[in-house]
Amino acid sequence: MAQAPARDVRYKPVMTDEMIEAATRVLRSGKYIRSFPLEDSEGKRFEEEFCAYIGAPHAVNVSSGTAALHTGLLAAGVGPGDEVITVPNTFSSVADVIILCGAKPVLVDVEPDTYNMNVGLVERAITPRTKAILPVHMNGQAVDMDPLMAIARRHGLKVVEDVCHAAGAKYKGRFLGTFGDAGAFSFVQNKCISVGGEGGMLVTPDPRIWESSMMLCNHGRGRRWFEGHKAYHMYRAQQIETVGFNYRQNELLSAIGRIQLRYLDEWNVRRRENAALYARLLGRFKHDLTLPATRPYAEHSMLRFVVQTPRRDELRAYLENRGVHVMVEYGTPIHLDHAYQPYCGAPEGTFPVTERLAQTILTLPCYQTLDADDIGYVSEVIRQFYDA
Ligand SMILES: Cc1ncc(COP(=O)(O)O)c(C=O)c1O
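Q: What am I meant to see in the overall build of the protein here?
A: Of the regular secondary structure elements, the protein holds 12 helices and 12 strands. Relative to the 2.2 N^0.38 estimate, which gives 21 Å for 388 residues, the radius of gyration of the protein is 22 Å and therefore close to what a compact globule would have. Principal-axis analysis of the C-alpha atoms places the extent of the protein at approximately 80 × 55 × 40 Å. With 388 residues in all, the protein has 49% of them scored as buried. Here the contacts in the protein between residues at least 6 apart in sequence split such that 71% fall between residues at least 24 apart.

Below is the structure:
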């Protein structure tokens, strides 16, 4: 009979008694939906607390990172015929939201060591149709924002940051998400904050982007609808301000998110400690792994500890068989993905760095819930793989 692995090293959601009590309080209150975004609610308090934490003037609590990106792009004015510059090594919804705005994703390759947008390639991708740049702070590490923002300013482009991996991470001491016209965060399971399901936040310094996003994620309801709601004569009183979505966040999950926010710094520190321990332990034996590179300007969230090896698939199977749950994020570059062929499909060889990474990267478990023994176990299994 096959032996059970010595350990099970995987992602485990953090859901403390305090978080469960907060969710229970909302359940008992009977108020789950936030139809009036300016009234006191768990969602509104979460927005205020997130703004205070990150140093952003405005926030909109939404139902996912995808919703935050979508409303952020729309509110920044991205529409049909526009082009948005982003990267091919990203989560599919980045391409989706650009396309759903009626715009075209224009891809630029990434740096081989940080997996982030190669800012040196951005300027030559700009055309008269370019409306915005969408940098993804990949795995939790900052894109080089100073030169990127300088390019955006020079060409009058909007910047919507994808901060889905990087809540609490910084560039030159300043929180990511606060550089561009808007920053989109994800709180889905296994992100830096995971509110117990799906969740997201859009932050912005621009009151017009805030107001538009607030309306877009709440059925397009604005002043005309809220004022109309108070009217005695209801016939035609409530008018929808703009065509919108239902991207509202559930009050239950916002209540959990408010508590998780208090732990964010501690969890980021713990993941950085796990990453440092990996680097120490993996430095003790010979292997062909390329370990994550952190730039001096970046305070990494270490949401993902991503290594590279030409023997990726073999190592992946070896680890999985010994109870270590690893991931490949992402194995299919956007330009080679079936759905995106009509929009930004390109032949193999077009983005060589991304294509090589898609064949060599492996995410080792580095979660805040893992301790030194877990990291030691994974490192030991890797040592056995290279010794065999
Ligand atoms: C880089 C990136 N952008 C956007 C998203 C979308 O976030 P959500 O799943 O909350 O919609 C994700 C992932 O989950 C992501 O990894």
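Now, onward.
Q: Help me understand the sheet that holds strand E3 (residues 104-107) in this model?
A: Two strands in a sheet stick together by hydrogen bonds in their backbones, pointing the same way (parallel) or opposite ways (antiparallel). Here we have 7 strands laid out as an open sheet, ordered E1-E9-E8-E5-E4-E2-E3, and mixed in their pairing. Pairing within the sheet leaves two strands with one partner each, and these edge strands are strand E1 (58-62) and E3. Taken over all neighbouring pairs, the strand axes of this sheet differ in orientation by 25° on average, direction set aside. Relative to strand E8 (residues 182-186), strand E5 (residues 158-162) runs parallel, the two being bridged by 3 bridges. Bridge pairing in E8 places Asp162 opposite Ala184. The sheet strands contacting helix H3 (residues 65-75) are E1, strand E2 (83-86), strand E4 (130-133), E5, E8 and strand E9 (200-204), and the helix crosses E8 at an angle near 165°.

Q: How should the sheet that holds strand E6 (residues 170-171) be read in this particular structure?
A: Pairing in this open sheet of 3 strands is antiparallel, and the strands run E7-E6-E10 from one edge to the other. In this open sheet, the two edge strands, each paired with only one partner strand, are strand E7 (174-175) and strand E10 (298-299). As paired strands, E6 and E7 are joined by 2 bridges and run antiparallel to one another. Looking at E7, one finds that Lys170 is bridged to Phe175.

Q: Is there a simple way to explain the site of the ligand in this structure?
A: Residues in close proximity to the ligand total 15 residues, the closest being Ser64, Gly65, Thr66, Phe91 and Ser186. At the level of secondary structure, the elements contributing two or more residues to the shell around the ligand comprise H3 and helix H4 (92-100). Grouping the constituent residues of the shell around the ligand by class yields 5 nonpolar, 8 polar and 2 charged.

Q: I tried to follow the packing of H3 against H4 on my own but got confused; where do I start?
A: Relative placement of two packed helices is described by the angle separating their axes and the distance separating the axes. At their nearest, the axes of H3 and H4 sit 9 Å apart, and the two run at 35° to each other. Seen along the crossing, H3 lies across H4 with a hand that is right-handed. Residue-level contacts link Thr66, Leu69, His70 and Leu73 of H3 to Ser93, Val94, Asp96, Val97, Ile98 and Leu100 of H4. Its residues assigned to classes, the contact of H3 with H4 comprises 6 nonpolar, 3 polar and 1 charged.

Q: How do you make sense of the pairing of E4 when you look at a structure like this?
A: A regular strand carries its side chains on alternate faces of the sheet. One ladder, built from 3 bridges, connects E2 with E4; its direction is parallel. By the bridge assignment, Glu83 is partnered in E4 with Thr130. Pairing geometry for E4 and E5, over 2 bridges, is parallel. When the sheet's bridge partners are listed, Ala132 is paired in E5 with Lys158. Taking the sense of rotation as the criterion, the β-α-β connection linking E4, helix H5 (residues 145-155) and E5 turns out right-handed.

Q: Please clarify how the environment of Leu264 should be interpreted in this entry.
A: With respect to the helices, strands and loops of the structure, Leu264 is situated in helix H8 (residues 251-282). Separated by 106 residues in sequence, Leu264 and Lys158 place their C-alpha atoms 28 Å apart.

Definitions and limits used
- Residues numbered from 1 in each chain as written.
- Predicted model: local features only at pLDDT ≥ 70, side-chain atom pairs only at ≥ 80, totals over all residues.
- Helix = DSSP H or I, 4+ residues; strand = E, 2+ residues; numbered from the N terminus.
- Rg over C-alpha atoms; globule rule 2.2 N^0.38 Å.
- Buried ≥ 20, exposed ≤ 12 C-beta atoms within 10 Å, placed from the backbone.
- Contact = placed C-beta atoms within 7 Å.
- Pairing = 2+ DSSP bridges.
- Axes fitted to C-alpha atoms, helices over the stretch in contact; angles between N-to-C directions.
- Near = placed C-beta within 6 Å.
- Nonpolar A, V, L, I, M, F, W, Y, C, P; charged D, E, K, R; others polar.
- Left-handed = near helix turned anticlockwise from the far one by under 90°.
- Right-handed = clockwise from strand over helix to strand, strands pointing away.

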